[in-house]
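If you want the building blocks of each chain, they are given just below.
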Amino acid sequence: MAHIQLNNDLPGITGLMANRPDTAAPLNHLAETLLRAPASLPQGERELIAAYVSHLNRTPFCAGSHSAFAAAQLVEGQALVDAVLADPATAPIGAKLRALLAVAAEVQAAARAVSAEAVAEARQAGASDADLHDTVLIAASFCMFNRYVSCLDTALPASDDYYLESAHRITTVGYGRSVNAPA
C-alpha cells in the first residue's frame, strides 16, 4: 500500500498520475518530449537509457516499464535490454550508446558534473551535443521519476503482462494519453 491514499488501484507512477492529473500533465509532457519527440537518438535507445537509470536506482516499476518500452522499439528486443541491464560493457551495443550509458550512470550516481573523460569518450564514439544533453536530461529526470515512485512506496503490477500492455499503449499513443485514468 502506498504511503498516500490513492483514488485508484493502478501500480507505480500510473496510480500517482491518475490520482493527481494536475501534476501528471507536466510530468507526462516531459516524458513525451524526452522519450518520443524527434531527437538525434532513436526512441528505443532513449527508453533504454531511462530503463538503465531506473535499474541503477533499484526502482522495479520504472525499470520494468521502460525496459518493456525499449524492447518494443529495439530490433533486438528484450534480449538486448537484458544484456544492457546486466552489464553495458559487454552488451552487444555500439560504442556511442555504451558511452552514453556511462554518462547516464554518472548522472545517476551523483549530482555533479559528468567527468571530462566520460564526455570525451562519448564524443569520440560520435555523440553530439544534442545526444549528451538528452542523455543527461533523461538520466536526471528519471532519478526524479524513480524517487517519486519509490519514495511514495507505490505498488508493483500484479503481473508482468502489465508492462507489455503499457508498452503497447506508450508506443501507440505516447505519454499522457496512455494512463487508464478516470476522465
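The rules behind these values
Residues numbered from 1 in each chain as written. Predicted model: local features only at pLDDT ≥ 70, side-chain atom pairs only at ≥ 80, totals over all residues. Heavy atoms only, no water. Salt bridge = Lys/Arg side-chain N within 4 Å of Asp/Glu carboxyl O. Buried < 20%, exposed > 50% of the residue type's maximum accessible area, 1.4 Å probe, protein only. Helix = DSSP H or I, 4+ residues; strand = E, 2+ residues; numbered from the N terminus. Expected span 1.5 Å × (residues − 1). Contact = heavy atoms within 4.5 Å.

Novice: Just to check I follow, could you spell out the pattern of salt bridges for this structure?
Specialist: Opposite charge on two side chains permits pairing when their charged atoms draw close. Tallied over the entire structure, the rule returns 4 salt bridges. Residue arginine 20 pairs with aspartate 22 through a salt bridge whose shortest N-O separation is 2.8 Å. Among the ionic pairs, arginine 123 bridges to aspartate 129, the shortest N-O distance being 2.6 Å. We classify aspartate 129 as exposed; its relative accessible area is 52%.

Novice: Would you mind going over unusual backbone geometry with me for this structure?
Specialist: Glycine aside, the phi torsion of most residues is negative, and most peptide linkages are trans. For arginine 58, which is not glycine, the phi torsion reads 55° and is therefore positive. With a relative accessible area of 72%, arginine 58 lands in the exposed category. For aspartate 153, which is not a glycine, the phi torsion comes out positive at approximately 55°. Looking at where aspartate 153 falls in the secondary structure, it is placed in the loop between α8 (129-151) and α9 (161-173). For aspartate 153, a relative accessible area of 39% translates into the label partly exposed.

Novice: Before we go on, may I ask you to explain helix α3 (residues 43-56) in this structure?
Specialist: Note on helix geometry: an α-helix contains 3.6 residues per turn, so any two residues three or four positions apart are oriented the same way. Across its 14 residues, α3 extends 20 Å between first and last C-alpha, which sits within 8% of the 20 Å expected from 1.5 Å per residue. For α3, the tally of buried residues reaches 10 of 14 residues, placing the bulk of the element in the interior. Those residues of α3 that are buried lie in contact with α2 (21-35), α4 (60-73), α5 (77-86), α6 (95-109), α8 and α9.

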